[in-house]
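A structural walkthrough
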Amino acid sequence: MMFKIYASIKKELLLLVNDRVGLALMFVMPLLLVFIITIIQDSVYKVVNENRIPLLVMNQDEGILGERLINVLTESGLFEIDSVAGKSEQVLKSELLARGKMIALYVPKSFSAGLESNAGDVSKILMKDLGLEYDSTESASVEIPALTFYNDPVLQENYTYSVMGVIQSYLSVIENSLMIDNMYAEMDLGARSESLKDKMIQNRVKINKVVATNNKSMAVPNSTQHNVPAWTIFAMFFMVVSLGSNIVKERVNGSFLRLKTMPTSFMLVMFSKMSVYVLVAILQVILTFSMGMWILPRLGLPELTLPTNLLAFGSVVFISSMAAVSYALMIGSIARTQEQANGFGAVSIIIFGAIGGILVPTFVMPSYMQLVSNFSPLHWCLEGFYILFLKGGSWQELKSVFLFLGIFILLCQLCTYFKLKIEKII
């Protein structure tokens, strides 16, 4: 019995070694995908997690409030201010495109005058409503000026509005401070109270940001933590090109029928195929994850951090491998030619990857597409890795992952069995 298993596994290994295209797809492709896409996405993750927002500023204000606004934005630590010299907004627009920046802010000449005039009008209205004495001399009002916010046309609209909201919040701090100064001046109270200033401006309701996780061990999301598992899963399922075409080849050239004449079980042959390709999938994980742990950090990219629950990690790797192999077996048993197996298998994996969150995160998809993504095996494989890597997940959270992938594996295996049974191969 052991000799039969040995001989069957040896045959599968020889077929695999001779399939150079399949080996390239299974081992070279995931390394290239992880390497290239991680480098491309790393700057995007840094903008979200680490980097300050580059902001071009042209300050034409004739007063002091324009400079105060720039100082407040700089001190916030959110912006990297780059001042532009010039006398027109057109110069700022040209500099924005020439320097390859994304956003720019133009402060007009009447910025200080407009804010001071508005603050004076507000304080007088308030004093009048309170029945207090104030200087009722009418002064020429200056219309509140509008800041001009330029953005590159390729910048996403939600990101643009987020940056504008941040600038608006700091502008409100200056406006409130100015109104308090005017009220004190109208009431002849001298210099304003610093304690009142702190209470009205700085002591606002704070929002504490906490990342949801079930334990204290959690990796900060970055380009490596996302791309290494995602494209490893994609490559695992792409073994359909190699395994599927091998099964079709053996069916077409009569190898399956010849195997029936030998003193062995056909199920042993299928078990050998599954064993070899599950091992291949595990080797893919080892190879790409090793790259994420040791090679990518040398290139200045984030290091891949393995989850603390290694048993759960191994279980997710194994069931993902079984799902990929089972799908490849089903495609190989259904396809009539190698071209059908290669074409349909490759295209279906790309579709599964697209709707499953490999190419585009599922949370940015429409609600109906998020529902459709639940039918992609790649989605559940990726969800298993996300639970382990990014959410500090437990066995309880992995239940749905194992349930769906278990059902998917069972369906693929049953389809393979009944298709070969109909063809009287088994």
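This structure is a prediction, so every number in the text was calculated from the model and none was measured.

Overview of the nonpolar core
As a rule of thumb, soluble globular proteins bury nonpolar side chains together. The biggest cluster of nonpolar side chains holds 74 residues, and the ones touching the most others in it are F234, F237 and Y327. Broken down by secondary-structure element, the contributors of at least two residues to this core are α2 (20–49), α8 (223–237), α9 (240–252), α11 (266–295), α12 (310–334), α13 (338–356), α15 (377–389) and α16 (399–422). Ignoring any residue separated from it by four or fewer positions in sequence, one finds Y327 in contact with F237, F344, S348, I349, F352, F408 and C412. Grouped together as the second largest cluster of nonpolar side chains are 21 residues, I53, L69, L115 and L178 included.

So, the pairing of strand β2 (residues 79–83)
Judged from the 5 bridges that link them, strand β1 (residues 53–59) and β2 form a sheet pairing that is parallel. Opposite L55, over in β2, you have I81 as the bridge partner. In this fold, β1 hands off to helix α3 (residues 65–75), which returns the chain to β2; that crossover is right-handed.

Brief notes about α16
With 24 residues, α16 extends 35 Å from end C-alpha to end C-alpha; this agrees with the ideal 34 Å at 1.5 Å per step. Backbone geometry just after α16 places K424 at a positive phi near 60°.

Overview of the environment of W294
Mapping W294 onto the fold places it in helix α11. Judged by its relative accessible area of 55%, W294 is exposed. Through-space distance from the C-alpha of W294 to that of L304 is 8.3 Å; in sequence the pair is 10 residues apart.

Concerning the side chain of S376
Among the secondary structure elements, S376 is positioned in the loop between α14 (367–373) and α15. For S376, a relative accessible area of 0% translates into the label buried. For S376, the side chain forms a polar contact with the main-chain oxygen of F352, separated by 2.8 Å. In this view, S376 contacts F352, I355, G356 and F404; residues no more than four positions away in its chain are not counted.

What about the sheet that holds β1?
Read from one edge to the other, the open sheet built from 4 strands follows the order β2-β1-β3-β4, with strand pairing classed as mixed. Because the sheet does not close on itself, it has two edges, and the strands there are β2 and β4 (148–151). Each strand of the sheet is rotated relative to its neighbour by a mean of 25°, with strand direction disregarded. This element, α3, spans β1, β2 and β3 (103–107) of the sheet and lies at about 170° to β1.

Quick look at the confidence of the model for the chain
As a general rule, the predicted coordinates of low-pLDDT regions are not to be interpreted in detail. With 75% of its residues at a pLDDT of 70 or more, the chain shows a mean pLDDT of 78. Considering each helix and strand of the chain separately, the mean pLDDT is smallest for helix α7 (residues 194–202), with a value of 58, and largest for α12, with 93.

A closer look at the packing of α8 against α15
Two quantities define a packed helix pair, namely the angle between the helix axes and the distance between the axes. Relative to each other, α8 and α15 sit at 150°, their axes nearing to 10 Å. With respect to the hand of their crossing, α8 and α15 are arranged in right-handed fashion. Of the residues in α15, those touching α8 at Q225, H226, P229, A230, I233, F234 and F237 are P377, L378, C381, L382, F385, Y386 and F389.

Some thoughts on a nonpolar patch on the surface
Among the surface-exposed residues, V28, L32, F35, I36, I39, I40, W294, I295 and L299 lie close enough to one another that they form a single nonpolar patch of about 860 Å² accessible area. Of all elements in the fold, only α2 and α11 reach the threshold of two or more residues within the nonpolar patch. Take L32: it is sitting in helix α2.

So, the environment of L73
In this fold, L73 is placed in helix α3. The class of L73 is buried, set by a relative accessible area of 0%. The spatial distance from the C-alpha of L73 to the C-alpha of V166 is 9.1 Å, given a sequence separation of 93 residues. Dropping the residues within four chain positions of it, L73 is found in contact with L55, F79, I81, L105, I167 and Y170.

Rules of the game
Residues numbered from 1 in each chain as written. Predicted model: local features only at pLDDT ≥ 70, side-chain atom pairs only at ≥ 80, totals over all residues. Heavy atoms only, no water. Core = buried A, V, L, I, M, F, W, Y, C linked by side-chain atoms within 4.5 Å. Buried < 20%, exposed > 50% of the residue type's maximum accessible area, 1.4 Å probe, protein only. Helix = DSSP H or I, 4+ residues; strand = E, 2+ residues; numbered from the N terminus. Contact = heavy atoms within 4.5 Å. Pairing = 2+ DSSP bridges. Right-handed = clockwise from strand over helix to strand, strands pointing away. Expected span 1.5 Å × (residues − 1). Polar contact = N/O pair within 3.5 Å; in protein donor to acceptor, adjacent residues only side chain to side chain. Axes fitted to C-alpha atoms, helices over the stretch in contact; angles between N-to-C directions. pLDDT = per-residue confidence, 0-100. Left-handed = near helix turned anticlockwise from the far one by under 90°. Patch = residues over 30% accessible without salt bridge, like charges linked within 9 Å, V, L, I, M, F, W, Y side chains within 5 Å. Areas by Shrake-Rupley, 256 points an atom, 1.4 Å probe, with all protein chains shown as cover. Salt bridge = Lys/Arg side-chain N within 4 Å of Asp/Glu carboxyl O.

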